[in-house]
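Each chain, written out:
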Amino acid sequence: MTASLKRNSLYNLMGSLLPVVVSLVTVPLYLHLIGVDGYGVLAIVWLFLGYFGVFDLGLGMASANQFAKLSNHKEMASVFWTGVWTNLVLGIIGAGALFFLGDYLFEHLFKMSNEMHASVVGALPWLALAVPVITVSGIFSGVIDGRQKFLMLNALGVAGTFFLQVLPLLTAYLHGPNLTWIIAVTVLSRLLFGALPMGVVAIRILGAVKPELPQWHWVKKLLGYGGWTTISSMVVPITGAMDKFMLGSMVGPAAVTFFAIPERLARQGAIVPGAVTRALFPKLSAGNEYDARDTTLRSLDLLILIQTPLICALILILQPFLGIWVGWSVAEKSGPVGLIIAATIWIVGLNYFPSMLLQARGRPDIAAKLRILELLPYFLVLWTAIHYLGLIGGGIGLLFVSVLDMIFLFFGAGLPLFRNKIFWQSVAWIFIAEFLAWSFSKAELAWYFFSILLIILSIIWVGYISQVLRDTIFTWLGKIAGNKFKEVQK
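Figured I'd write up the structure that's included with this text. (Residues numbered from 1 in each chain as written. Predicted model: local features only at pLDDT ≥ 70, side-chain atom pairs only at ≥ 80, totals over all residues. Heavy atoms only, no water.)

1. Quick notes on the side chain of Thr86
Applicable threshold: Working definition: helices are DSSP H or I runs of at least four residues, strands are E runs of at least two. Numbering for both runs from the N terminus. Note on contacts: a residue pair is in contact if any heavy atoms of the two residues lie within 4.5 Å.
Relative to the helices and strands, Thr86 resides in helix α3 (residues 73-109). Residues in contact with Thr86, not counting those within four places in the same chain, are Leu59 and Val219.

2. Some points on helix α5 (residues 124-146)
This is how the line gets drawn: Helix span, expected: 1.5 Å multiplied by one less than the number of residues in the helix. Between buried and exposed lies partly exposed: a residue is buried under 20% and exposed over 50% of the maximum accessible area for its type, with that area taken using a 1.4 Å probe on protein chains only.
If you check α5, its first and last C-alpha atoms are 33 Å apart, about what 23 residues at 1.5 Å a residue would give, namely 33 Å. For α5, the tally of buried residues reaches 19 of 23 residues, placing the bulk of the element in the interior. Following α5 by one or two positions, Gln148 has its phi on the positive side, about 60°.

3. Description of the nonpolar core
Quick reminder of the rule: What we call a nonpolar core is a set of buried Ala, Val, Leu, Ile, Met, Phe, Trp, Tyr and Cys residues that are connected through their side-chain atoms within 4.5 Å.
Residues Ile183, Ile261, Ile315, Leu316 and Leu322 are the most contacted members of the largest nonpolar core, which totals 95 residues. Tallying contributions element by element places helix α11 (residues 289-326) first for this core, with 15 residues. Other than its neighbours up to four places away in sequence, Ile315 contacts Leu339, Ala342, Ile430, Ala433, Glu434 and Ala437.

4. Focus: the packing of helix α9 (residues 253-266) against helix α14 (residues 391-413)
For clarity, the threshold we go by: Axis geometry follows a simple rule: fit a line to the C-alpha atoms, using only the stretch in contact for helices, then measure angles between N-to-C directions, giving values from 0 to 180 degrees. The labels follow the angle: roughly parallel below 35 degrees, roughly antiparallel above 145, roughly perpendicular from 65 to 115, and oblique for the rest. Handedness of a crossing follows from how the near helix is turned relative to the far one, being left-handed for an anticlockwise turn of less than a right angle and right-handed for a clockwise one. Only Asp, Glu, Lys and Arg are considered charged, only Ala, Val, Leu, Ile, Met, Phe, Trp, Tyr, Cys and Pro nonpolar, and every remaining residue, Gly among them, polar.
Across the interface, α9 lies against α14 with an axial gap of 9 Å and an inter-helix angle of 45°. With respect to α14, the axis of α9 lies oblique. α14 is crossed by α9, and the crossing has right-handed handedness. Contacts from Ala255, Phe258, Phe259 and Glu263 in α9 reach Leu391, Gly394, Gly395 and Leu398 in α14. A per-class count over the contact of α9 with α14 returns five nonpolar, two polar and one charged.

5. Notes on a nonpolar patch on the surface
Defined as follows: The residues that make up patches have over 30% relative accessible area and no salt bridge, and they are joined within 9 Å when like-charged or within 5 Å when they are Val, Leu, Ile, Met, Phe, Trp or Tyr. Only the protein chains shown count as cover for residues, and all accessible areas are computed by the Shrake-Rupley method using a 1.4 Å probe. Salt bridge, as applied in this entry: a Lys or Arg side-chain nitrogen positioned within 4 Å of an Asp or Glu carboxyl oxygen.
Side chains of Phe449, Phe450, Ile452, Leu453, Ile456, Leu457 and Ile460 sit close together on the surface and give an oily, nonpolar patch of about 670 Å² of accessible area. Note that Ile460 resides in helix α16 (residues 445-465).

6. A few points about the packing of helix α6 (residues 150-175) against helix α7 (residues 179-206)
Packed helices, taken two at a time, are described by their axes: the angle between them and the distance between them. Taken N-terminus to C-terminus, the directions of α6 and α7 make an angle of 160°; their axes are 8 Å apart at the nearest point. In terms of axis orientation, α6 runs roughly antiparallel to α7. As for the relative orientation of α6 and α7, their crossing is right-handed in sense. The segment α6 lies against α7, with Met152, Leu153, Leu156, Gly160, Phe163, Leu164, Leu167, Pro168, Thr171, Ala172 and His175 engaging Trp181, Ile182, Val185, Thr186, Ser189, Arg190, Phe193, Pro197, Met198 and Val201. In the contact of α6 with α7, the residues fall into 15 nonpolar, five polar and one charged.

Below you can see the structure in the form of structure tokens.
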């Protein structure tokens with residue numbers, strides 16, 4: 001990796017890790033203040049709202065692609081204001097659809113008490129307001145992302161996430177488990193501490209202080225790229241949220257909580273590949289085809305090696321951590337499905353690479369078409385699994401669609417993952433970790449010994465395979481030892 005890519009990946013990594021620390025504190029407090037059912041309903045609401053974010057129509061990603069390529073500030077300003085006005089109109093249309101359909105959908109799709117239903121319906125105006133905030137924010141983020149200002153982007157993201165987590169929690173503490181108040185404060189937090197600061201920074205980067213009317217040729221170009229991205233953006237939220245939607249409608253909101261908590265924890269395993277691919281996107285967009293493919297393959301190999309010990313550790317610590325974090329009663333229900341989700345997240349992290357390569361090279365249509373093919377088999381497997389297995393079935397459905405997505409995307413991008421020996425060795429490590437994790441006993445000391453041993457052995461394997469990582473580790477250790485030696489001399 002180049003120095004700039006390493007630096008930008010580090011910024012993205014820190015920007016993803018710091019909100020995790022906030023979540024580790026706030027999730028148990030939310031469960032205490034609004035209960036298991038209330039947290040499940042809130043999770044459904046945010047999934048529902050996230051799906052209405054598809055009214056962005058892919059313009060956020062399309063604009064980031066253009067900002068990475070363009071060097072003329074006048075053209076960039078034109079793209080920016082075209083994207084802002086277009087996404088504002090699309091967001092208003094989405095807001096209207098959510099406002100008028102929300103009551104019917106929440107009443108007929110999900111099992112919840114009359115009191116919770118009334119609270120959610122009362123918050124529909126706020127939820128509708130959130131849609132244009134989300135769509136326009138995509139353009140702001142596209143500017144900062146495309147111009148590779150990752151330190152600023154992540155600083156804004158961390159600050160926004162902090163207020164997004166803490167202010168609704170404070171509202172729940174002051175006003176009780178009233179979802180109307182909680183949702184309203186969350187939307188306002190996203191507007192005041194997320195969208196507005198990001199918009200100010202985007203305008204300063206481009207120098208596009210004076211608003212401009214949208215340019216039709218840019219509308220067509222952005223929508224031409226964004227149209228296929230939108231289809232992917234519609235399919236991915238469906239596959240990412242349908243498990244919780246089906247659990248909420250077929251089992252109840254408590255099942256959503258027992259699924260969402262380990263999923264939220266397990267998804268931190270995708271932070272590293274997410275950070276790297278996000279930093280890669282501008283470079284892959286601006287470079288030529290050969291360099292983009294070569295950079296993707298080299299980064300993928302390196303990330304498989306980095307991810308393997310991390311995912312093994314995630315699988316092994318997930319159940320004991322859940323017990324300490326949210327209580328053993330929740331961990332007993334969430335733990336088994338969490339182990340399936342943790343293995344799935346390893347696959348999801350790998351899938352970032354072919355998806356990002358296709359989008360960066362202007363072929364989002366390939367990913368979109370392949371993901372459409374996934375929908376029907378996914379629905380059939382997910383419904384059958386939840387119908388017969390309940391909560392565990394949600395994890396099986398997620399695992400199925402992730403493997404299917406991996407096969408399709410790597411084939412579509414022309415990346416030879418399944419001929420990669422490092423990949424299959426990593427699969428073996430993940431399988432051993434899963435086998436050990438399913439035999440977890442909180443009172444069995446031997447289990448903890450073998451878990452620690454497995455993690456250590458996986459790290460040794462990484463050092464043996466990769467000269468780059470081995471040299472990097474020795475360099476860091478040398479610097480640490482040198483600093484300690486200097487301290488002793490003083």
